[in-house]
Amino acid sequence: MTIRLLVADDHPVVRAGLRAVLDTEPDFAVVAEAATAERAADLAPDVDVVLMDLQFGPGMHGAEATAAITAREGAPRVLVLTTYDTDADILAAVEAGASGYLLKDAPPEELAAAVRTAAAGRSALAPAVAHRLMDRMRTPAQALTKRELEVLQLVGDGLSNQQISKRLFLSQATVKSHLVHVFAKLGVDSRTAAVAAATTRRLIRR
């Protein structure tokens, strides 16, 4: 059976490269490409597996598109293919319903295997991603929650508590509470130190 694929990435060169690799597999057919997450969500019903980047230009994020796609009945599988391996990105994708998470430096045979695994309804995780998820499970009390990671990522992006509260539809008191928990878990006492520690541990992007 042919697995119909949609490649969603905002870089034409990346899409062309992925198509060239995927077209060498006899049971794959790249039937659509999307340069935006919104376009990927529109085209998804016509394919079996979506290869989804996380970071697009202005507009919908890859995790948002993944959630929109997987919420539909009879939805295709979504395999995230990205350069980011932070906890914030991994958790957002998994919670959005992604069937797999692979890094763009994966060898072609690993990519092909992940596509087939996702198409079969099973989870396909890059070894590094699986390792990070296992670490979180081993030390749940020290692991930052998805919301704490979201708040900390926005702090790292330079937003104030007031701006974060508006972005995430939270009260400023709730934002402060999340940051108190973040500081305690990371063993720091300032926003700057929290961002530095989280970046070093690959919890958030910088």
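Parameters and conventions
Residues numbered from 1 in each chain as written. Predicted model: local features only at pLDDT ≥ 70, side-chain atom pairs only at ≥ 80, totals over all residues. Heavy atoms only, no water. Buried < 20%, exposed > 50% of the residue type's maximum accessible area, 1.4 Å probe, protein only. Helix = DSSP H or I, 4+ residues; strand = E, 2+ residues; numbered from the N terminus. Pairing = 2+ DSSP bridges. Right-handed = clockwise from strand over helix to strand, strands pointing away. Phe/Tyr/Trp six-rings, centres within 6.5 Å; stacked < 30°, edge-to-face > 60°. Lys NZ or Arg CZ within 6 Å of the ring centre and 35° of its normal. Axes fitted to C-alpha atoms, helices over the stretch in contact; angles between N-to-C directions. Parallel < 35°, antiparallel > 145°, perpendicular 65-115°, else oblique. Contact = heavy atoms within 4.5 Å. Salt bridge = Lys/Arg side-chain N within 4 Å of Asp/Glu carboxyl O.

A.B. asks: What exactly am I supposed to notice about the pairing of strand 3 (residues 49-52) here?
C.D. replies: Residues in a regular strand project their side chains so that they alternate between the two faces of the sheet. Side chains Val49 and Leu51 of strand 3 all project onto a buried face; the interleaved residues Val50 and Met52 project onto the opposite face, where all are buried too. Relative to strand 3, strand 1 (residues 3-8) runs parallel, the two sharing 4 bridges. Residue pairing for strand 3: Leu5 is matched across the bridge by Val49. Alignment of strand 3 against strand 4 (residues 77-82), held across 4 bridges, turns out to be parallel. Paired with Val50 across the strands is Val78, a residue of strand 4. In this view, the connection linking strand 3 to its parallel neighbour strand 4 by way of helix 3 (residues 62-70) has right-handed handedness.

A.B. asks: I'm lost on the packing of aromatic side chains in this one. Help?
C.D. replies: Between two aromatic rings, the relevant description is the distance of the centres plus the angle of the planes. By the definition in use, this model includes 0 aromatic pairs. Residue placement shows Arg205 over the ring face of Tyr84; its charged tip is 3.6 Å from the ring centre.

A.B. asks: Looking at this structure, I do not really get the sheet that holds strand 4. What am I missing?
C.D. replies: The strands that make up a sheet pair up through hydrogen bonds in the backbone, lying either parallel or antiparallel. The 6 strands are arranged 2-1-3-4-5-6 in an open sheet whose pairing can be described as parallel. Because the sheet does not close on itself, it has two edges, and the strands there are strand 2 (28-34) and strand 6 (124-125).

A.B. asks: How should the packing of helix 7 (residues 146-156) against helix 9 (residues 172-186) be read in this particular structure?
C.D. replies: What describes two packed helices is the angle between their axes and the distance between those same axes. At a minimum axis distance of 9 Å, the contact between helix 7 and helix 9 shows a crossing angle of 95 degrees. Classified by the interaxial angle, the pair formed by helix 7 and helix 9 is roughly perpendicular. Judged by residue contacts, Arg147, Glu148, Val151, Leu152 and Val155 of helix 7 engage Val175, His178, Leu179, His181, Val182, Lys185 and Leu186 from helix 9.

A.B. asks: Quick question: what am I supposed to make of the pattern of salt bridges here?
C.D. replies: Where charged atoms from two side chains of opposite charge approach closely, those side chains can pair. All chains considered together, the criterion is met by 15 salt bridges. A salt bridge links Asp53 to Lys104; the nearest nitrogen and oxygen atoms lie 3.6 Å apart. Of this pair, Asp53 sits in the loop between strand 3 and helix 3 while Lys104 is found in the loop between strand 5 (100-103) and helix 5 (108-119), placing the two residues 51 residues apart along the sequence. One salt bridge connects Arg136 with Asp87, and the closest N-O pair in it is separated by 3.3 Å. You can see Arg136 sitting in helix 6 (residues 127-138) and its partner Asp87 sitting in helix 4 (residues 87-96), a full 49 residues away along the chain. Taken together, the shared-partner salt bridges connect Asp9, Asp53 and Lys104 into one network.

No statement about biological role is implied by the geometric values presented.
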